[in-house]
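Each chain is listed here by its residues.
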Amino acid sequence: MNNLDKKYTDLLQDILENGTRKMDRTGTGTISVFGRQIRHKMSEGFPLLTTKKMAWKTMVTELLWFLRGDTDIRFLWENNCSIWDGDWYKKYKTTCSEPYTLEEVKQKVKEGNHNFHDSMFDMGPIYGKQWRSWTKFQQYEGEKTIDTFQIDQIQNLINDLKTNPDSRRLMVTTWNPAEIDKMTLPPCHYGFQVYTRELSKSERYVHLRTGKYSGKWDGIGDEMKYYNSIGVPTRAISLMWNQRSVDTFLGLPFNIASYGLLLEIIAKAVNMVPDQLIGNLGDTHLYLNHIEQSKEQIGRELSLEERIELSSKDPVFDPGDFGIGDQVTDEHCHEVCDSYSIPRKTREPFELPTLVINDEFWNPDTNLLSNLPHIQVSDFYVINYQSPKY
């Protein structure tokens, strides 16, 4: 059963019913609540919402951009990802007296016909820079930095997961007060923490039966040692992210899927089983121009007449199933519609999809981060994903 979409639409309803009207930096206005949480068991399916169509490749592109430690927007353009265009272009216009349009800049970059300096495309020390090269300043001499060094938080996290998986310091942060003013946009999701636990014998057995592992324990010797010898994971890993500002209609579905994918990637890097995905949400809001779309995504109950009309469009539908005389009650007609899998609401969730990671060309002798330059967006795809056709 898909519980995630229901939790998400319940959150939309919560904001609509309990939200406080507030203004914001965009001037659009919001209704918001404060301090909410969303949870998902990864064993129930990959957390890609089905009550709205999700831009899968866009989300994967952005996450790989972060993991590479990249802050150059041209990587996103090369992969047809435009979600940072507005913030970049706003910054670009402040540096030019006669700026090109965004499309003109993109076309010139694509053709290699420009004299822009590389620094023009840099978004500042945003997510990727903080994840992979947090700058620690050692000393200052007046305004001059004498000594600095970089901290690769993602590499440190992976190392710690391998050597000290019960640590309570398995954290990555992007909220760097010293560099906020240099960022094109301060981080909305400002950090995450992971947590691991040992799998039970029965949980390891269930994982063994996924078909990924060859061979079968012959009943001789220690069963757990056999599992270890063929690489069956010994631990489950959960991820909890913290978010100060949550665009619930557009941004949150993206964030849920992105951190779900990050959890899957980290789990693969340390041979653990993805477990719980948790989002702690601060200012959780809907922009006023998203209210009607949110109501549409929540959906409404269909009337019996609407369900019967939908039934009639089914090529195998038999009107005789509704019966005759006293049999034709509203309850009976609803049950007949159920038998034809006619939805009861205008927006019903589908089953969650399954994530597939194609690691065929990843070098198993090096760590995940060494492979990143060779990992492609197409290495990640979902199967059995369904979303509304309207």
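As shown above, the structure is provided for reference.
Description of the structure in this document. (Residues numbered from 1 in each chain as written. Predicted model: local features only at pLDDT ≥ 70, side-chain atom pairs only at ≥ 80, totals over all residues. Heavy atoms only, no water.)

### Some details on the pattern of salt bridges
Per the stated rule, a full pass over the model turns up 17 salt bridges. When the shortest N-O distance is used, the salt bridge between K6 and D10 registers 2.9 Å. With K6 and D10 both in helix α1 (residues 4-18), this residue pair falls four residues apart, about one helical turn. You can call K6 partly exposed: its relative accessible area is 44%. Note that D118 and R74 form a salt bridge whose closest N and O atoms lie 3.1 Å from each other. In this pair, D118 sits in the loop between α5 (102-111) and α6 (127-133) while R74 sits in helix α3 (residues 74-78), placing the two residues 44 residues apart along the sequence. (Salt bridge = Lys/Arg side-chain N within 4 Å of Asp/Glu carboxyl O. Helix = DSSP H or I, 4+ residues; strand = E, 2+ residues; numbered from the N terminus. Buried < 20%, exposed > 50% of the residue type's maximum accessible area, 1.4 Å probe, protein only.)

### A word on the pairing of strand β6 (residues 189-198)
Two elements, strand β5 (residues 171-173) and β6, share three bridges in a ladder whose sense is antiparallel. The partner of M171 across the bridge, within β6, is Q193. With nine bridges connecting them, β6 and strand β7 (residues 235-247) associate as antiparallel partners. Each residue of the ladder has a partner; that of F192, found in β7, is W241. (Pairing = 2+ DSSP bridges.)

### Concerning the pairing of strand β10 (residues 380-383)
Burial along β10 is one-sided: the residues F380 and V382 are buried and none of Y381 and I383 is. Note that strand β9 (residues 354-357) and β10 share four bridges and pair antiparallel. Following the sheet pairing, T354 is matched in β10 by I383.

### Some words on the sheet that holds β6
One open sheet holds the six strands; their spatial order is β1-β2-β8-β7-β6-β5, and the pairing between them is mixed. Each edge of the open sheet carries a strand with a single partner, namely β1 (20-22) and β5. Here the average twist between neighbouring strands, direction ignored, is 20°. Where strand β2 (residues 30-41) meets strand β8 (residues 273-287), eleven bridges bridge the pair, whose relative direction is antiparallel. (Axes fitted to C-alpha atoms, helices over the stretch in contact; angles between N-to-C directions.)

### Quick look at a positive patch on the surface
A grouping of R25, K90, K93 and R244 is seen on the molecular surface, where their side chains present a positively charged patch. Overall, R244 belongs to the partly exposed group, its relative accessible area being 34%. (Patch = residues over 30% accessible without salt bridge, like charges linked within 9 Å, V, L, I, M, F, W, Y side chains within 5 Å. Areas by Shrake-Rupley, 256 points an atom, 1.4 Å probe, with all protein chains shown as cover. Lys, Arg positive; Asp, Glu negative; His and termini not counted. Charge placed at Lys NZ, Arg CZ, Asp CG, Glu CD.)

### Thoughts on the environment of D5
Here D5 is to be found in helix α1. With a relative accessible area of 0%, D5 lands in the buried category. Expressed as a C-alpha distance, the spacing of D5 and I357, which sit 352 residues apart in the sequence, is 23 Å. Dropping the residues within four chain positions of it, D5 is found in contact with L49, T50, T51, P349 and L352. At 2.6 Å, the side chain of D5 forms a polar contact with the side chain of T51. (Contact = heavy atoms within 4.5 Å. Polar contact = N/O pair within 3.5 Å; in protein donor to acceptor, adjacent residues only side chain to side chain.)

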